[in-house]
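# Geometric and topological summary
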Amino acid sequence: MNTIDINPIPYLTWTWLKINKDSVSYDFTLSENNGTEVQIPEGTVVSNGKSVATELAEPQFSIGVQAANLIAGCVKSGKIYTFENKAEDKPLIIRISADTNNATHQIFHIKAGASAKIIIVYEGGIEENSLLSGVLTKVYAEADSNVHITKVQLCKSGVNQIDDTAVICGERAKVKLTQIELGGSHIDAGFHATLDGYQSSFYSDTAYICQGTQYIDMNQVIVHKGKKTVCDMKTHGTAKDEANKIYRGTIDLIKGCNGSIGNEIETTLLLSPKAVVKAAPIILCGEEDISAEHGSTIGKLSNDMLFYMNSRGIDQKTAEDLLTRAKITAAASAIEDECIRNEIEEWLEK
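To start, this report covers the structure provided alongside it. Remember, predicted model here, so these are calculated numbers, not experimental data.

Rules behind the numbers
- Residues numbered from 1 in each chain as written.
- Predicted model: local features only at pLDDT ≥ 70, side-chain atom pairs only at ≥ 80, totals over all residues.
- Heavy atoms only, no water.
- Core = buried A, V, L, I, M, F, W, Y, C linked by side-chain atoms within 4.5 Å.
- Buried < 20%, exposed > 50% of the residue type's maximum accessible area, 1.4 Å probe, protein only.
- Contact = heavy atoms within 4.5 Å.
- Axes fitted to C-alpha atoms, helices over the stretch in contact; angles between N-to-C directions.
- Helix = DSSP H or I, 4+ residues; strand = E, 2+ residues; numbered from the N terminus.
- Parallel < 35°, antiparallel > 145°, perpendicular 65-115°, else oblique.
- Nonpolar A, V, L, I, M, F, W, Y, C, P; charged D, E, K, R; others polar.
- Arc of directions from axis to C-beta.
- Salt bridge = Lys/Arg side-chain N within 4 Å of Asp/Glu carboxyl O.
- 1 Å grid on protein atoms, 1.4 Å probe; cavity = no way out; pocket = protein on both sides within 12 Å on 5 of 7 lines; lining within 4 Å.
- Points joined across faces, edges and corners; volume = space filled by probe spheres on them.
- Disulfide = S-S within 2.5 Å.
- Expected span 1.5 Å × (residues − 1).
- Polar contact = N/O pair within 3.5 Å; in protein donor to acceptor, adjacent residues only side chain to side chain.
- Phe/Tyr/Trp six-rings, centres within 6.5 Å; stacked < 30°, edge-to-face > 60°.

Membership of the largest hydrophobic core comes to 43 residues, with the highest contact counts inside it found for Phe83, Phe108, Ile110, Ile118, Phe202 and Ile222. Excluding residues within four positions of it along the chain, Ile222 makes contact with Phe191, Ala193, Leu195, Phe202, Cys231, Met233, Thr250, Ile251 and Asp252. Core analysis: the second largest hydrophobic core is formed by 19 residues, Ile4, Ile63, Ile71 and Ala166 among them.

Shown next as C-alpha cells:
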C-alpha cells in the first residue's frame, strides 16, 4: 500500500484550507491495460512504446512526479498513436474497462500540420469493491497541428481513478480537451498543458456530477511560454448529497510570453448542505504584456431562476435536475460520435 500526495497545487496556499493536495493510499500493483480500439481512422499508425522522437519538450503531469512514476512503472509496453495527415470525419475511439486494477500509458503524437480527433471512454468496474485505474495520457502537438481529445468517465461506483493528460504545444498548435466525469468513487482528474510555441492555444471544457459519497479532485494547469499564446478553461458541474469536490485551476504566464491571453471560469451548482466544495482559481503573472481573467462561483439555484421555473409549472427538484443535466449535455454536444453522446444521455437517465 502506497500513501502519496497527488494533484499538488503549483504554488501553495493556506494549509488550513486543505486544498494544496490530495492524499491517497492505494496498492499500485496494477496490470497494464491500454484499452481496445473500436475505431481507428485511416492513416493512424498504432505502435507500442512509451516515448516518441520529437523536438518538442517533454510534457508535464499535473498529478505529480511520484504518482506518474508509480503508474508508468506498471506499464511495460504502452501505446503510441501517430497522426501524420488531416483527420477524417471519424475519430479514433478507445474504450478502457476498469474491471481489474489497471494502468494505462498512451501517447498521441500529432505531426506538424496534421489533425486528430480522439475519444477515450472509461467504463466497467464493480459496485462493491474498490478498484484502481491509473491513466497517463501524453499529447505531443507539433507545429500547425489541430487536436480534439475527449475523455468520458462512466465507471461504476467501485472504481477509483487517477487520470492525467499532459500536453505540449508547438508553434500555432491548437489543442481542445473535453472531459466529462460522471461515475467512480474517488476520482483524481486533471491536465497540464504547456503552450511552448508561438501562437499555440489550449481550450478545455470539463463537466461533472459529484453525488452520493463521491470525491472528485481536479488539478488543471496551463503554462504560457510562447508569445501570443491563448488558453480558455471552463469547468461546470453539480455537487449534491454528501459528495466532495475540489478544484485547482492555475494559469501561469511565464516572463517572455508577450501578448498572451488566459481565461478561466469554474462554476458549481450546490444542491446539498452536506456537500463540500472547494475551489482555488489562480493566475500567476511573470509578464506585463498579457490579458488574463479568472473566476469561481459556488451557489444554489437562485430565487429568480426558481421563480421563473415555478411560473412554468416546474418544481424545484425538476428544475435542479434540468440544470444538472444541462451542464453535462452542453459539454457532450462537442463529442464527435453520436453513440457516445447517447451513452451519456442513458447514464443521466439512470
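Direction vectors running N to C along helix H3 (residues 316-332) and helix H4 (residues 338-349) enclose 170°, while the axes themselves pass 10 Å from each other. With respect to H4, the axis of H3 lies roughly antiparallel. Of the residues in H4, those in contact with Arg325, Ile328, Thr329 and Ala332 of H3 are Arg341, Ile344, Glu345, Leu348 and Glu349. When grouped by side-chain class, the residues that make up the contact of H3 with H4 number 4 nonpolar, 1 polar and 4 charged.

With that settled, the discussion passes to helix H1 (residues 65-72). The complete set of buried residues in H1 reads Ala67, Ala68, Ile71 and Ala72. Looking straight down H1, one finds that the buried residues subtend no more than 130° of arc, so they occupy a single side. Residues of H1 that are exposed and angled more than 90 degrees away from the buried face: Val65 and Asn69. Residues of H1 that are buried sit in contact with strand E1 (2-6), strand E8 (102-110), strand E10 (131-141) and strand E12 (159-169).

Our next topic: the pattern of salt bridges. Inspection of every chain in the model, using the stated rule, returns 15 salt bridges. Ionic pairing is found between Lys79 and Glu37, a salt bridge with its closest N-O pair at 2.7 Å. One end of the pair, Lys79, is in strand E6 (residues 79-83); the other, Glu37, is in strand E4 (residues 36-39), and 42 residues separate them in sequence. Classification of Lys79 as buried rests on a relative accessible area of 15%. Put simply, Arg95, Glu123 and Glu343 are held in one network by salt bridges that share partners.

It is worth spelling out the layout of surface pockets at this point. When its volume is computed, the largest pocket comes out at roughly 550 Å³. What lines the largest pocket is a set of 22 residues, among which Leu182, Gln211, Trp347, Leu348 and Lys350 lie closest to the centre. Counting residues per element, the ones that place at least two in the lining of the largest pocket are H3 and H4. The leading source of residues in the lining of the largest pocket is H4, at 4 residues. Each residue belonging to the lining of the largest pocket can be placed in one class, and the counts come to 6 nonpolar, 7 polar and 9 charged. Computed from the structure, the second largest pocket encloses a volume of approximately 330 Å³. Those elements that provide at least two residues to the lining of the second largest pocket are H1, E10 and strand E16 (215-224). For the lining of the second largest pocket, the element with the highest residue contribution is H1, accounting for 4 residues.

Below, the discussion takes up the state of the cysteines. Every disulfide links exactly two cysteines, by a covalent bond between their sulfur atoms. Applying the stated rule across the entire model yields 0 disulfides. Cysteine Cys169 remains unbridged, with the sulfur of Cys231 as its closest cysteine sulfur at 11 Å. Cysteine Cys339 remains unbridged, with the sulfur of Cys155 as its closest cysteine sulfur at 19 Å.

The next point concerns H3. Relative to the 24 Å expected for 17 residues at 1.5 Å per residue, H3 spans 24 Å between its end C-alpha atoms, a close match to the ideal helical length. The inward-facing, buried residues of H3 contact strand E13 (174-181), strand E15 (201-210), strand E17 (230-239), strand E19 (260-270), helix H2 (303-310) and H4. Capping the start of H3, Asp315 holds a side-chain oxygen 3.4 Å from the backbone nitrogen of Lys317, two or three residues further along.

With that settled, the discussion passes to empty space enclosed by the protein. Counted according to the given criterion, the structure contains 2 cavities of 30 Å³ or more. In this model, the second largest cavity occupies a volume close to 30 Å³. Looking at the second largest cavity, the residues that line it are Gln179, Glu181, Ala189, Gly190, Thr206, Met218 and Gln220. Class assignment of the residues belonging to the lining of the second largest cavity gives a composition of 2 nonpolar, 4 polar and 1 charged.

In the structure shown here, the tally under the stated rule is 3 aromatic pairs. Arranged with centres 6.2 Å apart and planes meeting at 70°, the rings of Tyr26 and Phe28 form a pair that is edge-to-face. The class for Tyr26 is buried, based on a relative accessible area of 10%.

Moving on: unusual backbone geometry. Of note, Arg172 is a non-glycine position whose phi angle comes to about 60°, a positive value. Taking relative accessible area as the criterion, Arg172 reaches 34% and is therefore assigned partly exposed. Positive phi, close to 60°, is recorded for Gln199, a residue that is not glycine.

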